[in-house]
Structures are given as C-alpha cells and as structure tokens.
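Reading the structure
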Amino acid sequence: MSENWQFETGAVRHQRERSSEGEHSVPLYLTSSFVFEDAEQMRARFADEEPGNIYSRYSNPNTSELIEKVCAMEGAEDGFATATGMAAVFTTLAALLKAGDHVLACRSVFGSTHQLLTNILPKWNIHHSYGPIEAPESWHDLVQNNTRMLLVETPSNPGVELLDMEWLGAFARQHGLILVVDNCFATPYLQQPIRFGADLVVHSATKFMDGQGRVLGGLIVGRQDLMEQVQGFARHSGPALSPFNAWVLSKSLETLAVRMDRHSANALAVASRLEQTPGVDWVRYPFLPSHPQYAIAKRQMIAGGGVLSFSLEGGIVQGRKFLDALRFCSLSANLGDSRTIVTHPASTTHSKLTEAERLAAGILPGLIRVSVGLEHVDDIWADLQQALLATQKPEPVTL
Ligand SMILES: *Cc1c(COP(=O)(O)O)cnc(C)c1O
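Quick caveat: nothing in here was measured; it's all calculated off a predicted structure.

1. Considerations on the sheet that holds strand β2 (residues 102–106)
Reading across from one edge, β1-β7-β6-β5-β4-β2-β3 is the order of the 7 strands in this open sheet, with mixed pairing throughout. Each edge of the open sheet is held by one strand with a lone partner, namely β1 (78–82) and β3 (127–131). Across the sheet, the axes of successive neighbouring strands diverge by a mean angle of 20 degrees, strand direction being ignored. As defined by bridge partners, β2 adjoins strand β4 (residues 147–153) across 4 bridges and the pair is classed as parallel. Residue pairing across strands places histidine 102 opposite threonine 147, the latter belonging to β4. The strands touched by helix α3 (residues 61–74) are β1, β6 (200–204) and β7 (218–222); relative to β1, the strand with the most contacts, the crossing angle is about 125 degrees. In the packing of helix α5 (residues 111–120) onto the sheet, contacts are made with β2, β3 and β4, and the angle to β3 comes to roughly 130 degrees.

Below is the structure:
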C-alpha cells in the first residue's frame, strides 16, 4: 500500500496489476493451475527462482491480492489465506510448534480454538496453559522452559474482554515467545496488533471482514521468517482459500471502514441503552466507560467494534425468553454480519466446554452475545426492547 495512503484509500485502491482487458474491479481467476511458457520456466518456478503462480493450493492471483491488502492493513510483511478462520488458527499452531512445545493462551478463546488446544494438539504432545484475562501479571509464572507461543484474543469471544497489547508485546519479548493475536473481533481497521509487538495476526475473515455472512475465510499475516514456515506447511497440508471466496473478500474489504464505523456506533448506542434498562444485570462493551478495561480499549482501538455481551437478571431462564421474543434479530451462530445476530454461547458455540471451563472463561450461563448489525439503530433497539419487556411479563397463571 502506498505509504501516503490512509487506511480507507488502501482498502479500496490496493490492487495487483490489472489484465489487458482494463477491468476496473478485481477479476476472478477460477483456475486450479497455471501454465508455463517452457520447461525452463517450469523448473525455475518450482525452484523458487522465479516468482509466479504454479497451482492454486500454493497461490492464486485472487488470494494474493487479498493477502497483500490485508498485509498492508495490518502492517505485516507477508501472509497466507485459508479456507476458514479455524484453518488459520490450526495452520499457525501446526506450522510453528513441534512435539514437546507448550502454548500459553488467554483463558477466553473461541470454542474451536479451545478444542484444538485441549483435545487435538495433545495428540502430538503439544500442551497448553490458560492465563486469566483479568490478571495478566500472573502469566509470568505460567511460562515454562518449553513455552514457544502466546496465543490471545482481544476483544475475546464471547466475553468481550480485553488484553493490553503493548504489555503483551513486552511480555512476549521478555520470554522469547511468538505472540499470535486473533484479531477477528476488531479487524485491522479498529486495531493493528503488529504495531504493539504481535508477531502474527490471525483472522476469521468469515466475520466482519466479509461482513455480509456470505463466505468462510481466514488469514494469517505477520513476520516474514515465521510466514515462510507457515507457507511451507500450508502449501503441503492444503488449507488454501478458494479464489472465489478471496475475490468476495477483496471486495468486502473495500467497505470495511464504513461498515465498522457503523457497527461500532450502533453497538455503542445499544450497549448504553441496555445499561440503563431495568432487568439487565450487566453489559460488556469495550467503549462503555463501565468496561473494566475501558482505558485499554481507548488506547488500542479506534472504536469498540460490533459485538457486546450482557446478561439478564434471572440468567438463562430469562435469557431464553428474550431470545424467543425477538422479532427480526437473527438467532444464529455467526457474528460480524450486516444483520444483527443474537446468540447464547453457553448452549451453542461453547456448549462442548464443561460448566467449570465455561465459568473460568467468563461465559456465564445467562450471557447473551449480540453482534450488532447495520440496520437502523432505532429498529434494532425497538426489537431488543420489546423482547426485554416480554421477559418481564409474569407467566400466565393456569388455574
Ligand atoms: C469465528 C471465529 C474463529 C473461527 O473462524 P471460522 O471462519 O468460523 O473458522 C476464530 N476465532 C474467533 C475469535 C472467531 O470468532
């Protein structure tokens, strides 16, 4: 991206060279492989002596354009695009860790990331410890001789808790750890972890990056030397993003900034109104002054993002009544869509955790997660408010 461009300009204008057709928008290269001019070119490409495409499992003009755009947004040196966010997380772990290594992760991670750490990596003798988000100083004691990686989410899913990335960067350097930040909730528009010392950033592009609930995708971007290992692993293990989904995502990113501005404004308004609503136990949103890490949010994010969580007095019983009373807000497992989505993590995305694991990760039984969409904020609020009122109606008495 041109050094002089603002984020928004790069998001729209960053592109690879166009073909002789002079197309304005990014063309779609639906091809599994590429042809060589002669035997010498074929040899040179395979020997990495000449840049260029070989096979779409390795690279494709659509995935390359997407990767270059996201690298520019994150301030990263290189990247790889994967079929899903979980492929990005798994590829990062599998490429950089070996048997006997240890990972330190923040306690609150995405449900499938927890499954990888708990049930899958131990098959290869890779183990982890969880550090509590509210007491990062205690993490010094969790670092072992074989700890290689620090894996965190900020804001976290679904608790919307934050970690101080500047502190994390210093902590990782002090202990010689690879710092990997899952930047899915914030997107590179709201925060850029590499500027605070992250070595790698992973994304589920399925969420706000696409922002319209159409495609799955993931990205890993960061330090050149680490990305070379990741790319080497990914080329042969095959988690590549499809050219079509990369093409969709390149177009999605052109509108990322305006979408995130509106998601954030709508979410802040909804969070503030919820906080003043009787029957609401607590509300968690990074840019609410009542958030325990509000000062950190203000330092490292330009806005609070589209996701908030809250709980009703009466916990899950009232929570389920609330979900059933919604009129247009969707009950769905996704987030980061133009449509407002409401979900109950304890019975869905995090249902595979034990009750004790959920509580440790801050997923209280009554926690409701709202991914605030791009509908008019008054309509979103009207739906939430009528559902809140419905939960307060006494049960009909049957005689
Ligand atoms: C959804 C999500 C993922 C996984 O992404 P998929 O595209 O669904 O595989 C990883 N991390 C976080 C924080 C997420 O919200």
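There's plenty left to go through after this.
2. Brief notes about the layout of surface pockets
Unfilled space is identified by rolling a water-sized probe across the atoms. For the largest pocket, the calculated volume is near 540 Å³. Lining the largest pocket are 26 residues; nearest its centre among them are Tyr58, Ser59, Ser64, Gln231 and Arg235. The set of elements that each furnish at least two residues to the lining of the largest pocket consists of α3, β1 and α8 (224–237). With 5 residues, the top contributor of residues to the lining of the largest pocket is α3. A breakdown of the residues in the lining of the largest pocket according to their chemical character gives 9 nonpolar, 8 polar and 9 charged.

3. Overview of the environment of leucine 117
As for its position among the elements, leucine 117 is in helix α5. Among the residues examined, leucine 117 registers a relative accessible area of 1% and is labelled buried. When neighbours within four sequence positions are excluded, leucine 117 is seen to be in contact with Val103, Ala105, Pro122, His128, Tyr130 and Leu151.

4. Some thoughts on the sheet that holds strand β9 (residues 307–312)
If you trace the 5 strands from one edge of the open sheet to the other, you get β8-β9-β12-β11-β10, paired in mixed fashion. Two strands bound the open sheet, and with one partner strand each, they are β8 (280–284) and β10 (330–331). In the sheet, β8 pairs with β9 via 4 bridges, with the strands oriented antiparallel. Each bridged residue has a counterpart across the sheet, and for valine 283 the counterpart in β9 is phenylalanine 310. Packing of helix α10 (residues 256–275) onto the sheet brings it into contact with β8 and β9, and relative to β9 it is tilted by some 15 degrees.

5. What about the site of the ligand?
Taken together, the neighbourhood of the ligand is formed by 13 residues, with Gly85, Asp182, Ser204, Thr206 and Lys207 sitting nearest. In this structure, an oxygen atom belonging to the ligand sits 2.8 Å away from a side-chain N or O atom of serine 204. Note that an oxygen atom of the ligand is positioned 2.7 Å from one of the side-chain N or O atoms of lysine 207. Burial of the ligand by the protein amounts to 91% of the accessible area it has alone, namely 380 Å². Across the shell around the ligand, the residue classes tally to 4 nonpolar, 6 polar and 3 charged.

6. Comments concerning the domain arrangement of the protein
Frequently, the measure chosen for interface size is the accessible area that the parts lose on association. For the protein, the domain assignment lists domain 1 (7–253) and domain 2 (256–391). Taking only C-alpha atoms into account, the centre of domain 1 sits 26 Å from that of domain 2. If you look at the interface, domain 1 gives 40 residues, while domain 2 gives 41 residues. Summed over both sides, the interface of domain 1 with domain 2 buries roughly 3,200 Å², with 62% coming from carbon and sulfur. In this assembly, domain 1 and domain 2 are joined by 1 salt bridge. Aspartate 164 is the partner of arginine 299 in a salt bridge, and the nearest nitrogen-oxygen pair spans 2.8 Å. Counting across the interface, domain 1 meets domain 2 through 14 residue pairs in polar contact (both at pLDDT 80 or more). Those elements that place two or more of their residues in the side of domain 1 that touches domain 2 are α1 (7–13), α5, α7 (187–190) and α9 (243–253). Sorting elements by how many residues they give to the side of domain 1 that touches domain 2 places α7 first, with 4 residues.

7. Quick word on the pairing of β7
Counting buried positions along β7 gives 5 out of 5 residues, so the element sits mostly inside the fold. Residues Gly218, Ile220 and Gly222 line one face of β7 and the alternating positions Leu219 and Val221 line the opposite face, and both faces are buried. Two strands pair when backbone bridges link them, and β1 and β7 are joined in this way by 5 bridges, in the antiparallel orientation. By the bridge assignment, glycine 79 is partnered in β7 with valine 221. As judged from the 5 bridges shared by β6 and β7, these two strands associate in the antiparallel manner. From the neighbouring strand, valine 202 faces β7, where its bridge partner is isoleucine 220.

8. So, unusual backbone geometry
Note the cis peptide between threonine 154 and proline 155, where omega equals -5 degrees. For the bond running from asparagine 157 to proline 158, omega is 0 degrees, close enough to zero to count as cis. Along the chain, proline 158 falls in the loop between β4 and α6 (165–175). In this model, asparagine 125 sits at a positive phi of 60 degrees, which is unusual for a non-glycine residue. Relative to the elements of secondary structure, asparagine 125 occurs in the loop between α5 and β3. Even without being a glycine, threonine 187 presents a positive backbone phi close to 65 degrees.

Calculation criteria
- Residues numbered from 1 in each chain as written.
- Predicted model: local features only at pLDDT ≥ 70, side-chain atom pairs only at ≥ 80, totals over all residues.
- Heavy atoms only, no water.
- Pairing = 2+ DSSP bridges.
- Helix = DSSP H or I, 4+ residues; strand = E, 2+ residues; numbered from the N terminus.
- Axes fitted to C-alpha atoms, helices over the stretch in contact; angles between N-to-C directions.
- Contact = heavy atoms within 4.5 Å.
- 1 Å grid on protein atoms, 1.4 Å probe; cavity = no way out; pocket = protein on both sides within 12 Å on 5 of 7 lines; lining within 4 Å.
- Points joined across faces, edges and corners; volume = space filled by probe spheres on them.
- Nonpolar A, V, L, I, M, F, W, Y, C, P; charged D, E, K, R; others polar.
- Buried < 20%, exposed > 50% of the residue type's maximum accessible area, 1.4 Å probe, protein only.
- Near = heavy atom within 4 Å.
- Polar contact = N/O pair within 3.5 Å; in protein donor to acceptor, adjacent residues only side chain to side chain.
- Areas by Shrake-Rupley, 256 points an atom, 1.4 Å probe, with all protein chains shown as cover.
- Domains from an automatic or database assignment.
- Buried area = accessible area lost by both parts, 1.4 Å probe.
- Salt bridge = Lys/Arg side-chain N within 4 Å of Asp/Glu carboxyl O.

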